[in-house]
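Chain and residue survey
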Amino acid sequence: MSKLCLPYVKFLACFCLLTALNAQGAEIGEIDHDAIAKTILVTDASQNLSLLIDYSQGCKISRINTRGENTLSPSGVYTGIKTGKGLFSSTDKSNKTRVTEASEEIEIAGIVYGDESITIRESWSFKIEDEKILWSIVRDYSTDTVLEEMAFPVWNFANLSVWKGGIFDNGGMVWSKYFRKNDTYGVHTGGVTFWNPDSGNAFRITPRAQKGKYLAAKYTQTEAGEFSCTQFLTDSELGQRYHLNRFVGERTNVFAPFAVRQGEVVMHLELQYVDYAKEYSRGTLPGIDATAVRELLNTTGRYGVVDNNIIGANGWITNWKCLHEPFFAQIGMALNDENYTKHFSSTLDQERDLAMLENGRVLSRWHNAPGDEIPGTYNVKTGYYEARWGYTIDSQTGYVINTAEQFDLCGDLAWLQSHKLSCEKALDWLIKRDSNNNGIFEMMNNNIAEQKASDWLDIVWASFENAFVNAQMYEALNLWANCEMILGDKDKSDYYLNVAARLKASFNKPVSEGGFWLPEKQQYVYWRDNDGSIHGDNLVTPVNFAAIAFKICDDEKRTAAILDQIEKRTVAENLFHWPLCFDSFKREEVQEGNWPFPRYENGDIFPTWGYLGIRAYANHNKAIALKYIRNILEQYNKDGLSSQRYSRTTQLGLGSDILAGISTTVTALYRDIYGIRPKWNRMGIEPNLSETLNGTDFEYTLRGIVYRLRLSVDDYTMSSSDFSIKSKRGFGASMNGRQLIFYPDNKEEMRLAVTRESTHPINIEIGDWNNNDFSWTVASKDKYQFAFEGLNPNAKYELSVNNKSKSITAEKDGTLSFSHESNDVTAFSLRTVSELNH
């Protein structure tokens, strides 16, 4: 009989041990040390995650099993550094390690590597805390030096197919399929959850750094085809090696060299198996492909996060962010990830501080390197600049819209106050641009002869009075007026509302009278040059959708005329989504790359503006809105929406610049169909469902509170651990201590506060609710105080409790309160006496 070689014997023994342990299904974690084979097997309590540490020749983690499947390449997981002289790592075979065992922890010491210029001494320790494995790395640098790279540690997964990608703890993600050999993406955060939707397995790495230290990570496809994640722990934030690049092609060194100091540093890593389908569940979504929703939002929706403080739509492969896009907060609303929300607040902070000029002009773009800018506008330190195609004025409106909608997500009054002056400056900069005093705000280019752009369609020469930008301005003015009111500045609020009202009146005038409405074609035109000539009467969809979605057009006949012809023409061409325009621009109105029609921004399909279409159709024809939501989900299943746009003729993806904005058709599913409308002081829902969606049931987390939402047509329930409210209409609710506040229609004008004596959950069903008749039922037992705000001052009401009535009068400030002890289901109603007499 031939002898088996020793390395194979050790491997076979370890493999059998792993298999046996996974089969046993033990309920507690285990640490098993094989001193002869020099291996340590660490298994979590659920038996879903196990690590095999091999210290026989150097020291590394040689296997990571998730539910019995090894994810690592033969390289495994190890620590190391790179100096100008070479690579040094914990796999150095000269290591003389020693193992110390305790009841709940095991330590490997004596890991030494380096050269004559620097020596690294490390110890690794592992312990189990329920479902997590805790790995601590204590590293000691023998001297101060400058390093080219470090691995603290590096995780080498077998190939790009092991994980679809990784979700970062800044709300972004890495998408494995975009890596060629040696491509590298580096970010200034370390936490990541790798996932595989087919197996349902996910693996979470949560690093914990010492105070004053900085985390970073890079992701690479190695020369050997591995998918590698390398983590950094440094004394200062890492700089970029090549301009401001976060992603570099065919290079592995994305970060600049950095200094380390003599002495000890410690990295703590929490390792955890995650049930991906459960952790990232979108709930029960009848009539909607919930899996596609989850995957689209976790990939395309997150792709625009380039790095900390840079959340956009163009994403990390091209190192670009357009500030002239107003939908990033809405993407955060749909993602429902507190990490994205947190980092979008800091993104807006950075843009306020670095991308706004003193006069209020908001620079339109961020990029890793110069070359796309109007000469003299690129800042090599910050990366912000003006786009070479022209001054894209919707960066003014985009900043304000995103700030107002972000405030509804974060609910931070101090944060909003910090943006008050900057948002006012951004709006006022554009308000001043009305040279003819007609209430419509003007661009910085005057006519098509200048061949310059003024908005997102950056190679279409929209000039002077631009309907697209002005529709966005109307939305920005109204949103910010509400913020001013919340901040207590009624004068400013009234001012911006008055400016918006004047803009609306001018916008809706026929083109013959200086407005944008073209009666003979039943559409809004795109722009007017300073010579009075009209351009863009070719049914430009984002222009017409924006007018309806932002409610600067609230005329039902006009809305129907626009939307019905758009749908008729889309169906006639059998398009899966709306094109930017249905007919061709004139040759002189566009850059040559848009010719001949349909081509690029002259007729191709850009789903980025899908949310405007869904919002426009949601109140006109829900079936049409749902059709395009389902279409975009079907397209995601085909190609991952990994394109900038789609050909009008072939409907195949085009362009290497992938756009996270393609996800907005699905973010609109949450805002405009399910009606998710968080407000700064409450959770709100304003559903607009069709019967095919009846039985929708999912959880939504807002500012740390988990709400369960159960939605059917005219039947909406919101509940948390403290309350449940059921209503036929939309509403808002907040719970603070023992007090529940109900906001009818999710508005501020009226509210009902219900204060409980105990800590038992409050259970309420809302009946009729209008200006004169309010009814509700309380199904929970407790002593309650009911307090109304927003009633008619000094009005007399009849209060009925289980059909027993008495008269009650509102105070002069419109408030009214009473108490009642409910021992059973109790029906309440409050009706004005005048209404009863009538």
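For the structure itself, consult the block above.
This write-up is about the structure you can find in this document. (Residues numbered from 1 in each chain as written. Predicted model: local features only at pLDDT ≥ 70, side-chain atom pairs only at ≥ 80, totals over all residues. Heavy atoms only, no water.)

A few words now on the side chain of Asp337. Examined against the element boundaries, Asp337 turns out to sit in the loop between helix H4 (328–335) and helix H5 (338–354). Every residue in contact with Asp337, bar those within four places of it in the chain, is listed here: Gly171, Arg302 and Gly332. (Helix = DSSP H or I, 4+ residues; strand = E, 2+ residues; numbered from the N terminus. Contact = heavy atoms within 4.5 Å.)

Across the sheet, three strands lie side by side as E26-E27-E28; this open sheet has antiparallel pairing. Looking at which strands have only one partner, the edges of the open sheet turn out to be strand E26 (320–322) and strand E28 (384–385). Note that E26 and strand E27 (residues 365–367) share three bridges and pair antiparallel. Within E27, the residue paired with Cys322 across the bridge is Arg365. (Pairing = 2+ DSSP bridges.)

A separate point is the environment of Asp54. Examined against the element boundaries, Asp54 turns out to sit in strand E3 (residues 49–54). Each C-alpha atom, one on Asp54 and one on Lys38, is 6.1 Å from the other, the two residues being 16 residues apart in sequence. Contacts of Asp54, omitting those with residues within four sequence positions, involve Lys38, Thr39, Cys59, Lys60 and Ser62. Polar contacts involving the side chain of Asp54 include one to the side chain of Ser56, which spans 2.6 Å. (Polar contact = N/O pair within 3.5 Å; in protein donor to acceptor, adjacent residues only side chain to side chain.)

The subject of this paragraph is the packing of helix H3 (residues 290–303) against H4. For the pair H3 and H4, the least separation of the axes is 11 Å and the interaxial angle reads 160°. When the axis of H3 is compared with that of H4, the two are roughly antiparallel. Where H3 crosses over H4, the two elements pack in a sense that is left-handed. Taken together, the residues of H4 that come into contact with H3 (itself represented by Leu297, Gly301 and Arg302) are Ile331, Ala334 and Leu335. Counted by class, the contact of H3 with H4 contains four nonpolar, one polar and one charged residues. (Axes fitted to C-alpha atoms, helices over the stretch in contact; angles between N-to-C directions. Parallel < 35°, antiparallel > 145°, perpendicular 65-115°, else oblique. Left-handed = near helix turned anticlockwise from the far one by under 90°. Nonpolar A, V, L, I, M, F, W, Y, C, P; charged D, E, K, R; others polar.)

What follows deals with empty space enclosed by the protein. Per the counting criterion, the structure on display carries two cavities of 30 Å³ or more. Along the walls of the largest cavity sit Thr541, Pro542, Phe545, His577, Trp578, Pro579, Leu580, Phe606, Trp609 and Gly610, which together make up its complete lining. No other element matches helix H11 (residues 541–549), which puts three residues into the lining of the largest cavity. Computed from the structure, the second largest cavity encloses a volume of approximately 40 Å³. Surrounding the second largest cavity, Lys321, Leu323, Glu325, Phe328, Leu348, Glu351, Ser395, Gly398, Tyr399 and Asn402 form its lining. Broken down by element, the residue count for the lining of the second largest cavity peaks at four residues, all from helix H6 (residues 394–410). When grouped by side-chain class, the residues that make up the lining of the second largest cavity number four nonpolar, three polar and three charged. (1 Å grid on protein atoms, 1.4 Å probe; cavity = no way out; pocket = protein on both sides within 12 Å on 5 of 7 lines; lining within 4 Å. Points joined across faces, edges and corners; volume = space filled by probe spheres on them.)

Moving on to the nonpolar core. Formed by 245 residues in total, the largest nonpolar core has its most connected members in Phe126, Trp155, Tyr219, Tyr670, Tyr674 and Trp776. Broken down by element, the residue count for this core peaks at eleven residues, all from helix H9 (residues 467–486). With six residues, the next largest nonpolar core counts Ile167, Trp195, Val274 and Tyr280 among its residues. (Core = buried A, V, L, I, M, F, W, Y, C linked by side-chain atoms within 4.5 Å. Buried < 20%, exposed > 50% of the residue type's maximum accessible area, 1.4 Å probe, protein only.)

All right, on to unusual backbone geometry then. In the segment running from Trp595 into Pro596, the intervening peptide bond is cis, with an omega of 0°. With respect to the helices, strands and loops of the structure, Pro596 is situated in the loop between helix H12 (556–572) and helix H13 (610–618). With an omega of -10°, the peptide bond between Phe597 and Pro598 qualifies as cis. Non-glycine residue Asp714 carries a positive phi angle of around 55°.

Before going further, it helps to examine H9. Compared with an ideal rise of 1.5 Å per residue, which puts 20 residues at 28 Å, H9 spans 29 Å between its outermost C-alpha atoms and is within 8% of the ideal. Of all 20 residues making up H9, 15 are buried, and the element is well covered by its neighbours. Where H9 begins, the capping side chain belongs to Asn466, and its oxygen is found 2.8 Å from the backbone nitrogen of Phe468. Just past H9, the residue Gly488 takes up positive phi, approximately 90°. (Expected span 1.5 Å × (residues − 1).)

What follows covers the pairing of strand E37 (residues 696–702). For E37, a buried count of five out of seven residues is recorded, marking the element as mostly surrounded by other parts of the structure. Of the pairings in the sheet, the one linking E37 to strand E38 (residues 705–712) comprises seven bridges and is antiparallel in character. Bridge pairing links Asp697 to Arg710 in E38. Turn length for the E37-E38 hairpin, with the two strands adjacent in sequence and antiparallel, is two residues, and the turn residue Arg703 shows positive phi of about 50°.

Taken together, the three strands give an open sheet; going across it, the order is E29-E32-E33, and neighbouring strands pair in antiparallel fashion. Both outer strands of the open sheet, strand E29 (465–466) and strand E33 (534–535), are each paired with one neighbouring strand and no more. Summarising the sheet, E29 and strand E32 (residues 527–528) pair through two bridges and their orientation is antiparallel. Along E32, the bridge assignment pairs Glu465 with Arg528.

Looking now at the packing of aromatic side chains. For the coordinates displayed, the defined rule picks out 67 aromatic pairs. For the ring pair Tyr784 and Phe786, a centre distance of 6.0 Å and an interplane angle of 50° mean the geometry is tilted. Comparing Tyr784 with Phe786, the two get one shared label, buried. Positioned above the aromatic ring of Trp429 is the side chain of Arg361, whose terminal nitrogen or guanidinium carbon lies 5.4 Å from the ring centre. (Phe/Tyr/Trp six-rings, centres within 6.5 Å; stacked < 30°, edge-to-face > 60°. Lys NZ or Arg CZ within 6 Å of the ring centre and 35° of its normal.)

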